[in-house]
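Results of the structural survey
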Amino acid sequence: FEYNDFFRMELMDDKKALKERISFYKAISRDRSKDTLHGAFFDLSVSSEDGRVRELSCMRMRQSMETAAALSVKAVIFHTNLIAGFNLPSYLERWLLFHKEFLTELLKEYRGIQIYMENMFDKTPEMLFRLASELNHPDFGICYDVAHGNLGPCAMEEWFSRLHPYIMHLHVNDNDGKADQHRAVGSGSINWAQFDGLMKKYKPEAGILAEVSSFVAKEESLHYMKEKHIYPFW
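Description of the structure in this document. In this text the structure is predicted, and so the values were computed from the model without any measurement.

**Some details on the packing of aromatic side chains**
Within this structure, the stated rule accounts for 16 aromatic pairs. Taken together through their ring pairs, the aromatic side chains of Tyr144, Trp159, Phe160, Trp192, Phe195 and Tyr202 make up a single cluster.

**Some points on the pairing of strand β3 (residues 75–79)**
Where burial is concerned, most of β3 is hidden: five out of the five residues are buried. A two-sided burial pattern is seen for β3, the buried positions comprising Ala75, Ile77 and His79 on one face and Val76 and Phe78 on the other. The pairing of strand β2 (residues 36–38) with β3 spans three bridges and is parallel. Bridged to Leu37 within β3 is Val76. In this fold, β2 hands off to helix α3 (residues 51–71), which returns the chain to β3; that crossover is right-handed. In this sheet, strand β4 (residues 114–118) lies alongside β3 in parallel orientation, the contact comprising five bridges. Note that in β4 the partner of Ala75 across the bridge is Gln114. Tracing the backbone out of β3, into helix α4 (residues 89–109) and back to the parallel element β4 gives a crossover that is right-handed.

**A word on the nonpolar core**
Of all hydrophobic cores here, the largest spans 63 residues; its most connected members are Phe6, Leu103, Leu106, Phe140, Phe160 and Phe195. For this core, the element with the most residues is α4, which contributes eight residues. Beyond its immediate stretch of four places on either side in the chain, Leu106 contacts Met61, Arg62, Met65, Phe78 and Ile115.

Scoring rules and cut-offs
Residues numbered from 1 in each chain as written. Predicted model: local features only at pLDDT ≥ 70, side-chain atom pairs only at ≥ 80, totals over all residues. Heavy atoms only, no water. Phe/Tyr/Trp six-rings, centres within 6.5 Å; stacked < 30°, edge-to-face > 60°. Buried < 20%, exposed > 50% of the residue type's maximum accessible area, 1.4 Å probe, protein only. Helix = DSSP H or I, 4+ residues; strand = E, 2+ residues; numbered from the N terminus. Pairing = 2+ DSSP bridges. Right-handed = clockwise from strand over helix to strand, strands pointing away. Core = buried A, V, L, I, M, F, W, Y, C linked by side-chain atoms within 4.5 Å. Contact = heavy atoms within 4.5 Å.

Set out below in structure tokens:
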């Protein structure tokens, strides 16, 4: 299960509502040790040249880690938030440096909680690869969002071949290749047989979430994946 309540700023800033929501989930009798929490991501820029933006971004990410600690979940997922198409070397190097430094801090402060970085506007897997390989931390990995990857120029094979040693989590849903639609798996343009083949080829040890927009779409996704024997239904 992935908690998607806590990336919304209005909840994070309402201490009473936040405490009540955490208590609600904790009152449900279930094992949360394999669950994930989607961290804050709207408008965040850890590597911003504006110190106030950077400070606020770091604060929001710490809030996400605090919530994850309160819920005793396995991992928190953040987005790269790279500006699509902005390939200025100084921008990319700054992004890499600041993320390495800050994520190292978070991993030290919140030992036992893993952090997964998800591709968002990324056109290629290169910066995620560099971050994961240079950070080289056992509690840091990549959340490969298959649908986000489908919106860019790189083939699915390239994402897997580059990132597979670091993929710890997967988000799956479908789209038409033009917009991030969170449709049911099997209802768009993504080649799920290829996805399954790449999972068999590269064998990343990854949890998986059907990140769709409704319970109906969730049921349709699971039915499709089971019927076609798509990972993890082997």
